[in-house]
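# Results of the structural survey
Here is what each chain is made of, one letter per residue.
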Amino acid sequence: MDQRNSPEELKRTRTRHVVARVVLAERPTSAKPGDSAIVLADGTIDGFVGGTCAESTVRAQALALLDSGESVLLRISPTPEPAQPGKVCVHNPCLSGGTLEIFLEPVLPAPLLAVFGDAPIARALRSVAVAVGWDVAEIDPSQPLSDDVAAVVIASHGRDEDELLCAALATDVRYIGLVASRKRGEAVVNALGMCSSHTSRVHTPAGLDLGARTPSEIALTIVAEIIATRPNPSARPIMSTESEASRASVSFAIDPVCAMSVAEVESSLHLDHEGTRIWFCGSGCLRAFAASPSSYAH
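This section reports on the structure supplied with the text. (Residues numbered from 1 in each chain as written. Predicted model: local features only at pLDDT ≥ 70, side-chain atom pairs only at ≥ 80, totals over all residues. Heavy atoms only, no water.)

Tallying each qualifying case throughout the model produces two aromatic pairs. Taking the centre distance of 5.4 Å and the plane angle of 55° together, the rings of phenylalanine 280 and phenylalanine 289 count as tilted. We classify phenylalanine 280 as buried; its relative accessible area is 1%. Through pairs of rings, three or more aromatic residues link up here, namely Phe280, Phe289 and Tyr296. (Phe/Tyr/Trp six-rings, centres within 6.5 Å; stacked < 30°, edge-to-face > 60°. Buried < 20%, exposed > 50% of the residue type's maximum accessible area, 1.4 Å probe, protein only.)

Turning our eyes to something else, we now look at helix 2 (residues 52–68). Taking 1.5 Å of rise per residue, 17 residues should cover 24 Å, and helix 2 covers 25 Å from first to last C-alpha, within 8% of that figure. Of all 17 residues making up helix 2, 15 are buried, and the element is well covered by its neighbours. (Helix = DSSP H or I, 4+ residues; strand = E, 2+ residues; numbered from the N terminus. Expected span 1.5 Å × (residues − 1).)

Here we take up the pattern of salt bridges. Once their charged atoms are close, side chains differing in charge can pair, the charge on each being opposite to the other. Under the criterion given, the structure shown has 11 salt bridges. Note that aspartate 135 is salt-bridged to arginine 14, the shortest N-O span being 2.5 Å. Here aspartate 135 is found in strand 8 (residues 135–138), whereas its partner arginine 14 is found in the loop between helix 1 (7–12) and strand 1 (17–25), with 121 residues between them in sequence. When its relative accessible area of 18% is taken as the criterion, arginine 14 is described as buried. Residues arginine 123 and aspartate 118 are paired through a salt bridge, measuring 3.8 Å at the closest nitrogen-oxygen approach. Owing to a relative accessible area of 43%, arginine 123 belongs among the partly exposed residues under this scheme. A single salt-bridge network, built from bridges that share partners, covers Arg75, Glu81, Lys87 and Glu101. (Salt bridge = Lys/Arg side-chain N within 4 Å of Asp/Glu carboxyl O.)

Attention shifts here to the sheet that holds strand 6 (residues 100–107). The sheet built from six strands is open, its strands ordered 3-2-1-6-4-5 with mixed pairing. With partners counted over all chains shown, the strands left at the sheet margins are strand 3 (45–47) and strand 5 (88–91), one partner each. Going across the sheet, the axis of each strand differs from the next one's by a mean of 25°, ignoring polarity. Pairing geometry for strand 1 and strand 6, over eight bridges, is antiparallel. Paired with valine 18 across the bridge in strand 6 is proline 106. (Pairing = 2+ DSSP bridges. Axes fitted to C-alpha atoms, helices over the stretch in contact; angles between N-to-C directions.)

Set out below in structure tokens:
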């Protein structure tokens, strides 16, 4: 496996991925129990969990899991099977035989909290965030916010507040908190000169009103408010059949040879025919189409 895709490196770079591990392999499949691979958000598969046809199904299911964040046991069989409790069963007619069961586990980076300021509340907030398993970043007013920041909290007692609030409001960050009294916070927000549809995103005073008094207690209320306001995971169900793939957030195409759904990512097999990109689940289907494209025209 590429060292760039080692668990330590993926964690360091905050890279979303899915760990796929074979737990059952019936002959004549080439994969064996214990074989594993990493599936990245661009569809790249690093490792081995079966041939190209099995990989195509694993890729499609794994990309869907990056939305839901839920683990799943995937069963891939060459013949149609009835639904089985606790498993996502997929019929893959291209398999050379045998059945695979692969456990797919999404690994998502911890929420990233960006904090500005050195007040006691700011210091306490960093400690509380780390204690609940979040990552913490310092805000540099001269640099743009990272794309994966989940929450911004400004606790600087007036220093650079306007500039940082405007920068945060220009992004899609889900939570923006300003540590200030209610009166001063409202004055700071109103002075930004923005419409209420923008400034309503600023939580000030930051934190839930729980009667907190100490810096640590206030920091706890801020973390609680971030948790309370974060969006729920995608309600879209995991794909249980290939026909449902077309409803996923990832773009899918239909293999014209076997009618399997294939994720439209560069790592999926494809060829360009008469100005149109055609996607395939495996090399066998690609070769069949290339030999006689007119046989599969619709």
